[in-house]
Amino acid sequence: MADAGSPESEPQRLWGGRFEEAPDALVQAYTSSIQTDLLLFHHDIAGSRAHARMLAAQGIIDSTDAERILKGLDQVESEIESGGFEINHELEDIHTHVEARLSQIIGADAAGRLHTARSRNDQVALDTRMFVRDAIVQSVGAVRGLQAALIELAERSDGVYLPGYTHLQRAQPVLLAHHLLAYLEMLDRDAERLVDSFARADIMPLGSAALAGAAYPLDREAVADELGFEAVSRNSIDAVSSRDYIAEYLANAAICMVNVSRLCEDVILWSSAEFGVLQFGDAFTTGSSIMPQKRNPDIAELARGRSGKVVGHLTGLLTTLKGLPLAYNRDLQEDKSGLFDTAETLIGTLHVLARALLTAQVHGARARAMVDSDPFILATDYADYLTRAGVPFREAHGVVGRLVKLCEERNCALGDLSLDDLQREHSAFGADAVGMTVQFALESRDVLGGTAPKQVSTALEAAKQRLQLQPASQDSTPAAPSPETRPETGLNRAQRRAAARQQGRR
Ligand code: ARG
């Protein structure tokens, strides 16, 4: 396998050898991805470090060259970090940029040996797998942050009830905390899906080279160890061609964004004068340039809007992958912009919503009044009363339906009907059915998962225990990922290495 040994005068392009003309400027501009994949520089350099160390340890390059490469990579990394790095579309992508700059710093000889036994095809697969691992860890952290905010809000909403809706028609009273905990459950599944997907991203592809595997005695396990990967890829063609680990992240992100979008829709409704149940604090609310009185929940609207964009990224990638023959195709370069935007959108959305919910003011009296002033919201409870007295539910349903009709004629509420009124429809009504209270209705839903105050406070405590949530803080920036924060992935590394040796893998 030939190294990328371009002459010092033209250290740039990686593949000029067999061409008589340089690519047209239009081609360079069209094929370049550096504006997007520059974001991968940390991962790209970490991968190169591990690769160089392994090449030296295996005697494939000598240790002086490896030393030079490692020192040079440090410099390239700090140049990119400080923003003093020159971007040149002739150099296509981040991999070429790093190598070209390395070549300027340490000379083409040593720098040219770094690409031994490696192709950009396995290199980019490595970088994006590392990116996805980080994105998963940060996304899970951000989901937990939003859950913590929901728990905090639920605790502050103690005793607040409001109408629960079906078909956006008032149905039955529920505790606000119960409604908020519904989102906590959805987010729990979102986090589980993300954690579960980690193992499938956590596979080290380097050594696959262009597609057929490298022609050198590599220690792929050593590279996996250094980069904290749980496993090495088992098939070189799969390793350079597959992006399902990205699709999986996008799918999980899309589902999470859709769940969050529904929360946002509720928040937007609740923020309206018609509902008036809840309001974000001033710092998390925006105004209108023309209507001085406006308080707009723009954060929630943007989150709802951006959920559509994330669904689009998933559709975009799946469509890109759909017709691709094995192995690498340049189409795959298009995986990154959607991935990066998804991670930024998801993590940013979860983060800002958590902060906004922590500032939210709950208008409990207003919420309760919507129930208290509704003439029929306890209709089911009247039917349940009869059923408890032995009346078949279907019959009880009909009885209460006629009572509702009677109330409509008299323009009154079910609670206003006298014992006589009730008994005229059914003799099973007793005095305790007159003027049934919301509290009674709530308390009677005392089934596991129901809205009875007792059940909800148990659920709240259980959620706190289960998630072991830290008290929600002002700065809940997710911690930087590290091997310790990685989700559990089954076999431990020693077991896996033993199994790999048994299979004769290097
Ligand atoms: N920029 C490319 C990508 O993101 C890297 C791999 C390019 N490989 C190639 N043979 N052109 O997919």
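Residues numbered from 1 in each chain as written. Predicted model: local features only at pLDDT ≥ 70, side-chain atom pairs only at ≥ 80, totals over all residues. Heavy atoms only, no water.

## Remarks on the overall build of the protein chain
Where we set the bar: For helices the rule is a DSSP run of H or I covering at least 4 residues; for strands it is a run of E covering at least 2, with both sets numbered from the N terminus onward. When a residue's accessible area, from a 1.4 Å probe over protein chains only, is under 20% of the maximum for its type it is buried; when over 50% it is exposed; and in between it is partly exposed. Residue contacts are counted whenever heavy atoms from the two residues lie within 4.5 Å of one another.
Helix and strand counts for the protein chain stand at 20 helices and six strands. Taken across its 506 residues, the protein chain has 49% of its residues classed as buried. Sequence-distant contacts, at least 24 apart, represent 79% of the contacts inside the protein chain between residues at least 6 apart.

## Topic: the pairing of strand E2 (residues 169–175)
For clarity, the cut-off: Paired strands are those between which DSSP finds at least two bridges.
Of the strand pairs in this sheet, strand E1 (residues 161–166) and E2 are connected by six bridges, and their pairing is antiparallel. Its bridge partner being in E2, Tyr 161 is matched across the sheet by Leu 175. Hairpin connection between E1 and E2: a loop of two residues separates the two successive antiparallel strands, and His 167 in this loop has a positive phi of roughly 55°.

## Remarks on the nonpolar core
Here is the rule: Each nonpolar core is a collection of buried residues, namely Ala, Val, Leu, Ile, Met, Phe, Trp, Tyr and Cys, held together in the definition by side-chain atoms within 4.5 Å.
Counting residues in hydrophobic clusters, the biggest one holds 136 residues, and the most contacted among them are Leu 146, Tyr 249, Phe 280, Leu 350, Leu 357 and Phe 429. Once you skip the residues sitting within four places of it in the chain, Phe 429 turns out to touch Tyr 382, Tyr 385, Leu 386, Val 399, Leu 403, Leu 419, Leu 422 and Gln 423.

## Let's talk about the packing of helix H12 (residues 298–322) against helix H13 (residues 335–359)
For clarity, the threshold we go by: For every element, the axis is a line fit to its C-alpha atoms; helices are fit only across the contacting stretch, and the angle between N-to-C directions ranges from 0 to 180 degrees. When describing relative orientation, an angle under 35 degrees is termed roughly parallel and one over 145 degrees roughly antiparallel, while 65 to 115 degrees is termed roughly perpendicular and anything else oblique. If you view the pair so one helix is near and one far, a crossing is left-handed when the near helix is turned anticlockwise from the far one by less than a right angle, and right-handed when it is turned clockwise. Residues are grouped as follows: Ala, Val, Leu, Ile, Met, Phe, Trp, Tyr, Cys and Pro are nonpolar; Asp, Glu, Lys and Arg are charged; all remaining types, including Gly, are polar.
Contact pair H12 / H13: the axes reach a minimum separation of 10 Å and the direction vectors enclose 155°. Between H12 and H13, the crossing angle belongs to the class labelled roughly antiparallel. Remark: the crossing between H12 and H13 carries left-handed chirality. Here Ile 299, Ala 303, Arg 306, Lys 309, Val 310, His 313 and Leu 317 of H12 come into contact with H13, specifically with Asp 335, Gly 338, Asp 341, Thr 342, Thr 345, Thr 349, Val 352, Leu 353 and Ala 356. For the contact of H12 with H13, a count of residues per class yields seven nonpolar, five polar and four charged.

## Description of H12
Where we set the bar: How far a helix is expected to stretch is found by multiplying one less than its residue total by 1.5 Å.
Over its 25 residues, H12 runs 36 Å from end to end, which matches the ideal 36 Å to within 8%, given 1.5 Å per residue. Those residues of H12 lying buried are Ile 299, Ala 300, Ala 303, Ser 307, Val 310, His 313, Leu 314 and Leu 317. Summarising the contacts, the buried residues of H12 are in contact with helix H11 (244–271) and H13.

## A closer look at the state of the cysteines
Threshold: The disulfide criterion is simple: two cysteine sulfur atoms within 2.5 Å.
In this structure the tally under the stated criterion is zero disulfides. Cysteine Cys 412 is unpaired, with the sulfur of Cys 407 as its nearest cysteine sulfur at 3.9 Å.

## Considering the pattern of salt bridges
Where we set the bar: Think of a salt bridge as a Lys or Arg side-chain nitrogen and an Asp or Glu carboxyl oxygen that are within 4 Å of each other.
One pass over the full model with this rule turns up 31 salt bridges. Residue Glu 155 pairs with Lys 464 through a salt bridge whose shortest N-O separation is 2.5 Å. Pair noted here: Glu 155 is in helix H7 (residues 120–156) and Lys 464 is in helix H19 (residues 453–467), with a separation of 309 residues, a long-range link. Classification of Glu 155 as partly exposed rests on a relative accessible area of 36%. Across the pair Arg 466 and Glu 185 runs a salt bridge whose closest N-O atoms are separated by 3.6 Å. Within this pair, whereas Arg 466 is found in helix H19, its partner Glu 185 is found in helix H8 (residues 176–201), the two being separated by 281 residues in sequence. Taking the relative accessible area as the measure of exposure, Arg 466 reaches 41% and is therefore partly exposed. Within the structure, one salt-bridge network assembled from shared partners comprises Glu 92, Asp 93, Arg 120 and Arg 330.

## Comments concerning the site of the ligand
Rules: We call a residue near a molecule or strand as soon as one heavy atom of that residue lies within 4 Å of the molecule or strand. Any pair of N or O atoms that falls within 3.5 Å is considered a polar contact. Within protein, one atom must be able to donate a hydrogen and the other to accept it, and sequence-neighbouring residues count only if both atoms are side-chain atoms. Using a 1.4 Å probe, accessible areas were evaluated by the Shrake-Rupley method; residue-level cover was limited to the displayed protein chains.
Residues in contact with the ligand, as listed here, are Ser 33, Asp 93, His 95, Arg 120, Asn 121, Val 124, Tyr 328, Arg 330, Gln 333 and Lys 336. Asp 93 is positioned such that a nitrogen or oxygen atom in its side chain is 2.9 Å from a nitrogen atom of the ligand. Between the ligand and Gln 333 there is a distance of 2.8 Å, counted from a nitrogen atom to a side-chain nitrogen or oxygen. Coverage of the ligand by the protein chains reaches 86% of its 340 Å² of free accessible surface. With three residues, H7 is the largest single contributor of residues to the shell around the ligand. Its residues assigned to classes, the shell around the ligand comprises two nonpolar, four polar and four charged.

## Focus: the confidence of the model for the protein chain
Worth spelling out the cut-off: Scored between 0 and 100, pLDDT is the confidence that the predictor attaches to each residue.
Looking at the protein chain as a whole, the pLDDT averages 91, with 90% of positions reaching at least 70. Low pLDDT, under 50, characterises residues 1–11; the stretch is placed with 20 contacts to residues that sit more than four places away or in other chains. Confidence drops under pLDDT 50 across residues 470–491; counting only partners more than four residues distant or on other chains, this segment forms 32 contacts.

## Describing unusual backbone geometry
The omega torsion of the bond from Leu 326 to Ala 327 falls at 5°, within 30 degrees of zero and hence cis. Topologically, Ala 327 is positioned in the loop between H12 and H13. One non-glycine residue, Ala 209, lies in the positive phi region at around 55°. Among the structural elements, Ala 209 can be located in the loop between strand E3 (203–204) and helix H9 (220–226). Owing to a relative accessible area of 0%, Ala 209 belongs among the buried residues under this scheme.

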